[in-house]
Each structure stands twice: as C-alpha cells, then as structure tokens.
Amino acid sequence: MRRRSDAISMQPSTTACTVADGLIDTSVAIDWDDPAVLAGLPEGVAISTISMAELAAGPHLAREPIEKARRQARLQQVESLFDALDFDAAAARSYGQVVAAVAAAGRSHRSRVADLLIAAVAHSNKLALYTRNPQDFQALDALISVVAI
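Rules used throughout
- Residues numbered from 1 in each chain as written.
- Predicted model: local features only at pLDDT ≥ 70, side-chain atom pairs only at ≥ 80, totals over all residues.
- Heavy atoms only, no water.
- Axes fitted to C-alpha atoms, helices over the stretch in contact; angles between N-to-C directions.
- Helix = DSSP H or I, 4+ residues; strand = E, 2+ residues; numbered from the N terminus.
- Parallel < 35°, antiparallel > 145°, perpendicular 65-115°, else oblique.
- Contact = heavy atoms within 4.5 Å.
- Nonpolar A, V, L, I, M, F, W, Y, C, P; charged D, E, K, R; others polar.
- Buried < 20%, exposed > 50% of the residue type's maximum accessible area, 1.4 Å probe, protein only.

Chemist: How do you make sense of the packing of helix 4 (residues 49-61) against helix 7 (residues 113-124) when you look at a structure like this?
Modeler: It is at 8 Å that the axes of helix 4 and helix 7 come closest, and there the two elements cross at 150°. With respect to their mutual orientation, helix 4 and helix 7 come out roughly antiparallel. On helix 7, the residues that touch Ile50, Ser51 and Glu54 of helix 4 are Ala114, Leu117 and Ile118. The residue makeup of the contact of helix 4 with helix 7, split by class, is four nonpolar, one polar and one charged.

Chemist: So what exactly am I meant to see when it comes to unusual backbone geometry here?
Modeler: Trans is the common state for peptide bonds, and a negative phi is the common state for residues other than glycine. Backbone geometry places Lys126, a non-glycine residue, at a positive phi of 55°. Topologically, Lys126 is positioned in the loop between helix 7 and strand 4 (128-131). Classification of Lys126 as exposed rests on a relative accessible area of 75%. Non-glycine residue Ala139 carries a positive phi angle of around 80°. By the element assignment, Ala139 lies in the loop between strand 4 and strand 5 (146-148). By relative accessible area, which is 30% here, Ala139 ends up partly exposed.

The following block contains the structure:
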C-alpha cells in the first residue's frame, strides 16, 4: 500500500501506512503518472493481485517493441510502489455477491471477470474502488463505492 504523496515523489515513505483508503483498478495503475489521476486519489491507496496480473500480461500482449517496453516499465514501477492485496478467501466469498449483483442487473459477468474480481477485493476489504472506467462496475453500488477519476 502506498500513500499518494509517496507515489508523486517516488521516494519511500517515512511513515507507516497500514490501512488503505481505497483500491485502484488496473486503469488507474496504467495512468499512474497522470497528475489528474493522482489528484483524484485519497492519500493511501492499494492495488489488488488481480490488477498486478493484468499488468504482468500487458507486455506479452503488445505487438510493438516500444509499447512492450512501456508496459514493462509500468509493471516494474507499480511492483516497486505497492504490496498488492491478495484475492483471498474473503474476496472469493465477496465475488459471489458481486456476480449476483451484476446478474440481477441483467449484465453478463463472463466477459468482465478480472474487473469483478477486483471489485470483490474492494468489497472484502471495505474499500472504495477508484477507476478510469466506472462503466465496468455498473450495478455494484449497493456493494462498493465506485469512484470515477
């Protein structure tokens, strides 16, 4: 977990920060260096292992060498900034509720598995979810707070 101010300065924190104020999704991690993104985040944010997995896949999916390098650099930056929250047994239980909410709204959960797993991590940790793509989390308002950046 990192404090937003540490991410801006890229320096290690001098104060312990054990409780996150929010969870960022993969879209926020991708745009991490955008000042508008950082300005929209609370002081302490966390990332999930699901987002880390998506970021790890990124360089392998890029076709152009420059894009591969950019994605690899982002992955390494995020790995250095965060200790990711695991998708654990509590998140697995939350995932059932998340899928049920999406299905009840008439939406398919099958094409959005990674997003819904991230939402389950937010739910199980009682964290707001910060995203650049709030439409990916429609129908979850009763379970989590989704904050668009």
